[in-house]
Amino acid sequence: MIKRGTISPRQVFFILIMLLTGIYILILPRHMVTMVGTDGWLVLLVGGLVSSLMLFFINRISRKFPGKTVVEFAPVVMGPFLGKILGGILVVYYTFLAAVSLRIFAEMLKSVLLSDTPRWVVVLALVALITWIVQNGLEDIARFTELLAPIILLLLIAALLGDLRYMEAIRLRPMFQTEPFSLLEGFISSLSYFGIIIVLLMLYPYVNAPKKLTITSLLALAFAVIITMGFFMGTVATFGIYETGRMAWPVIELVKMVRVGEFLERVESLFLSVWLSIAFINVSVLAFCSVSGWTQLINAENYRKLTYPIMPLPLILKSLAQRFIGCLRLIQVEFYLWFRYYANNTAFHICS
Amino acid sequence: MSAAYKKFLLLVLISIIFLSGCWDRKEINQIGFAVGLGIDKDGDDYQIITQMALPALLEGGGGGDEPPVWVVGGKGRTVFEAIRDVNTRSARRPFWGHLNVIVIGEEVAKDGLIPVIDLLSRGQELRRSNYIVVAQGKARDILQAQPKLESINAIFISQLIENRTGQSVAPAVTINDLLITLSSSGIESVLPRISALGQESFLPPKKEAGGDSQEGEEKPKEILELRGAGIFKNDKLIDWMDEETTRGHLWVREKVNGGIIVVESPSEPGTNISLEIKSNKSKITPRVENGKIAIDINISSTFNLVENTGFVSVESEATMQDLRQRASEAIRREVNKAIKKAQENKTDILGLGEHVRVQYPEMWREIQWSELFHTVEIRVNTEAVIQEAAMTLKPITPPSQRSK
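Residues numbered from 1 in each chain as written. Chains lettered and ligands numbered in written order. Predicted model: local features only at pLDDT ≥ 70, side-chain atom pairs only at ≥ 80, totals over all residues.

Q: Tell me about the domain arrangement of chain B, and name the residues and values.
A: Residue and element names in this part refer to chain B. When cut into domains, chain B gives domain 1 (30-201 + 218-241) and domain 2 (244-404). Each partner contributes to the interface: domain 1 provides 21 residues, whereas domain 2 provides 23 residues. Counting residues per element, the ones that place at least two in the side of domain 1 that touches domain 2 are strand S8 (223-233) and strand S9 (236-241). Of all the elements, S8 adds the most residues to the side of domain 1 that touches domain 2, at five residues. Residue composition of the side of domain 1 that touches domain 2, by class: 10 nonpolar, eight polar and three charged. (Domains from an automatic or database assignment. Contact = placed C-beta atoms within 7 Å. Helix = DSSP H or I, 4+ residues; strand = E, 2+ residues; numbered from the N terminus. Nonpolar A, V, L, I, M, F, W, Y, C, P; charged D, E, K, R; others polar.)

Q: Explain the sheet that holds strand S10 (residues 260-264) of chain B to me, and be specific about the residues and the numbers.
A: Residue and element names in this part refer to chain B. Across the sheet, which stays open at both edges, the four strands sit in the order S10-S11-S12-S13 with mixed pairing between neighbours. On the outer flanks of this sheet lie S10 and strand S13 (377-387), each paired with one strand and no other. The average angle at which neighbouring strand axes cross in this sheet is 40 degrees, direction not considered. Sheet analysis places strand S11 (residues 272-289) next to strand S12 (residues 292-308), joined by 16 bridges and oriented antiparallel. Following the sheet pairing, Arg287 is matched in S12 by Ala294. (Pairing = 2+ DSSP bridges. Axes fitted to C-alpha atoms, helices over the stretch in contact; angles between N-to-C directions.)

Q: Describe the interface of chain B and chain A, listing the residues and the values that go with them.
A: How big an interface is tends to be expressed through the accessible area that disappears when the partners come together. Taken together, the contact between chain B and chain A spans 13 residues of the former and 14 residues of the latter. Only helix H8 (175-183) and helix H12 (352-359) of chain B provide two or more residues apiece to the side of chain B that touches chain A. Among the residues making up the side of chain B that touches chain A, the classes are represented as four nonpolar, four polar and five charged.

Q: Which residues make up the confidence of the model for chain A, and what values go with them?
A: All names here are of chain A. Put simply, chain A has an average pLDDT of 78, and 81% of its residues get 70 or more. Within the model, pLDDT remains below 50 along residues 321-330, and this stretch shows nine contacts once partners closer than five positions in the same chain are excluded. Confidence over residues 339-352 falls short of pLDDT 50; this stretch has 17 contacts with residues more than four positions distant or in other chains. (pLDDT = per-residue confidence, 0-100.)

Q: Just give me the short version of the packing of helix H2 (residues 28-36) of chain A against helix H10 (residues 213-246) of chain A, but keep the residues and values in it.
A: Residue and element names in this part refer to chain A. Running from N to C, H2 and H10 point in directions that differ by 60 degrees, and their axes come no closer than 9 Å. Judged by the angle between their axes, H2 and H10 are oblique. The interaxial crossing formed by H2 with H10 has right-handed handedness. When H2 is examined against H10, the residues Leu28, Pro29, Arg30, Met32, Val33 and Thr34 are found in contact with a partner set consisting of Thr228, Phe231, Phe232, Thr235, Val236, Ile241, Thr244 and Gly245. (Parallel < 35°, antiparallel > 145°, perpendicular 65-115°, else oblique. Left-handed = near helix turned anticlockwise from the far one by under 90°.)

Q: Outline H12(B), listing residues and values.
A: Residues and elements named next belong to chain B. Taken across its eight residues, H12 has seven buried, putting it largely inside the fold. All of the buried residues along H12 are Leu352, Gly353, Glu354, His355, Val356, Arg357 and Val358. In this fold, the buried residues of H12 make contact with S11, S12, helix H13 (361-366) and helix H14 (369-372). (Buried ≥ 20, exposed ≤ 12 C-beta atoms within 10 Å, placed from the backbone.)

If you want it as C-alpha cells, here you go:
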C-alpha cells in the first residue's frame, strides 16, 4: 500500500464547491429555462435538498469503512462480484466525467483564447498538464484549489452584483406555471447536476479529520446551491426566459454586461480566466478519482503507472465529439448518466 | 536528478517567460476602432456607416478642423455583408468592442428590426449594453453631423443618452432591452429618436437663401437632438411620440429620473412654477372585472420646487395642496397621452400585458393581447409630493409688491 496524502476538511470544502459550481454553470441557466422556464430556482432548490440527503448517506457509509474508498469497500458490502461491478461502474463514470470535462475545458479554451490554435494542440497540452498534476497527487490539487477557490468565489459573486442594475423582478414571474412532467425532468437534471458530490466517496480516505466532513460537505452543497440559484435568477432577471433560452453561454453574456460605475466594464476576460481555473480544478479532481479508482479496481500497486494508459482517453473521445455541438449533446447524455448512477448509488446505500 | 539536468530545466523555465507570445495577435495599429454604427436601407440592400476613430488625431489635441473620426460605409444584402464591405475601403480591420452607439435609419426601422438585430446579438465583439437609437431620416446624416463639444459624434450621442435625465423626454434603450422587448409577450419596443438639424428645432426655419446651399457643398449639420421616441409594433416602426407622450410612457415604465414639470402658480394666475422631478414610482395592477380586463396604474412622484416666476410665495399649506394637485394633474395628462397613443396604434409599449401575463397566466394563454389591448380600460391615479424649495424660502418680490 502506498502512502496516501492527507487533505484537510477545508480543502474538501473548496474542492466540492468547485465541482458543484462547476463547468456547467455557464450553460445551466439555459438548460433550466428550456425545461422549466422561470421555475428553475425551485428545481435547483429541491435538487439541492435531495442531494443533501444523499450526502448524508455518503458520509455515513464512508465513516463505516475508514481509510477505504468506495471501490475498495463495495466488494466487502456487496460481495466480490457485485462489488466489483459497482466499483467498475463508478470508475467508468469518473473517467467519463473527467474526459468530457477536459473536452469542454479544451473547447472553451480554444474558442475564447486560442481560436486559431489547432484543436489537437490544445487537447494534447491539457492532457499532458493534467497527467502531470495527477502524478503529483491529491494533496497538490487540494492545495491549489484552496488557493484559487476563494478568489473565484468572490469574483463569481461580484459578477452577479455588477449586473444588479439590469435586473427586473417581473422577468422572474409568473412562477409555478410549468407542467408536472417538465418539472420532473428539470428536477432530475438538477439532481444530476449536484450528483457530482459522489466524488466525495473517492476523497474520504484522504481526509485527515473525517468526522468534520458531514458538516463541511453539507455547507459546501448549500453554498453551491445558493450560487447556482443566484446565477439562474440573475440571468433570467437580466435577460428574461426567451433570451436566456436563445443564448449559447448565458452566464458569459451576463458577465459581459457587468458595469460598475463608469470605469469598470468589459470584465469577461477576467471571468473567463476564473472559469478556466474552475474547469482546471474540476478536471484535475475527476482525473485523479478516475486514475486512483482504476488502480484500486485492479489492485495495482501504484496509481502513477496507470496514469499513462488512462489519461489519453480524452483523445479517443475527441473522435466521438468531433464538433462542438456534438460536445453539447454529450453533456446531455452525461446529465442522464449522472442521474442513473445517482439512483444506483442511493439504492446501494439504502441496502447497506 | 543531476545538476546538469536541473540547469537545463531552469533554462527551459526561464525561456518560457521570454518566448511566450500570441502568434495570432492583432497589433493596435492594424485595427480601426469603430465607435459608431449606422444602418440604412437602399432598396433591398443594407448600407452601413461606421465611424472609425483615428487615434493619431485624437492624441494630437488641436488637429485643426479635421474631426478625429472617419466615416466610411459599406453595402450588402445583409448587414454583415455590408460590414465586411467596409474592408474594401478601410486599410484597418474594424474592431467592434468599443462601439458606443448604434443608429438605425428610419427606413430600416419601418421594414423591421429583426433582420438587423440578429447580427448584433450574436457578435462576439459587440456588447448587449450598447445603446441603440432610431434616426429620423437617414442614419448616415446622424453619423456625419458634426456637433460641438465632443469631437467624436458617437460618443456625443451616447452622452446625450446618459444625460437624458435633464429632461426625461427620451428613453435609454440598450441592445439587451430591445432584444427582451422584441422577444417577450405583453410588451412592445420603444427606441429613442435622434435627429440631425441645421439649428435648434425651436428656432424659426432658416430661409434657404441661394448663397450657401446652392454651391453644392452641404455643410454637416451641427445640432443633434435626442427627443421623443419611435414606437414599434413587433419589430416595425409605426409611429413617433413627442416629448410629453414619451415622458408619459416613462412615468408608467418607472424610468423617469429627472426633468422639469411646469405648472401654473395656484396663488398667482399667469405665472409659472417649475418643479423638478426627484423620483418616480409606478404600480400596475391588472384586474378582471366581469370577465374583462381593466388595469389600474398608480404613479407617485416627488418634486422639488426650483423656480417661481411670480411674486407670491406658495409655501402655505393650502397653496401647496393646490400645487400638488396641479403637479399630479400634469403627470396624469402626460400618462393619458401615452396611453392614447399606444391604444390608437394598438401596440402595448407600456408593458401592461406583461403584468396581465404575470398576474393571470391562465387567462393570458387564452387571450390575444395584441387584439385586446386597445379596448382595455386603463385607469390612472397620480400622486405628487412636493418637497420644500431648494435654497430660498421666498420668491423675489419687488418693494412695490411687498405687503407692509
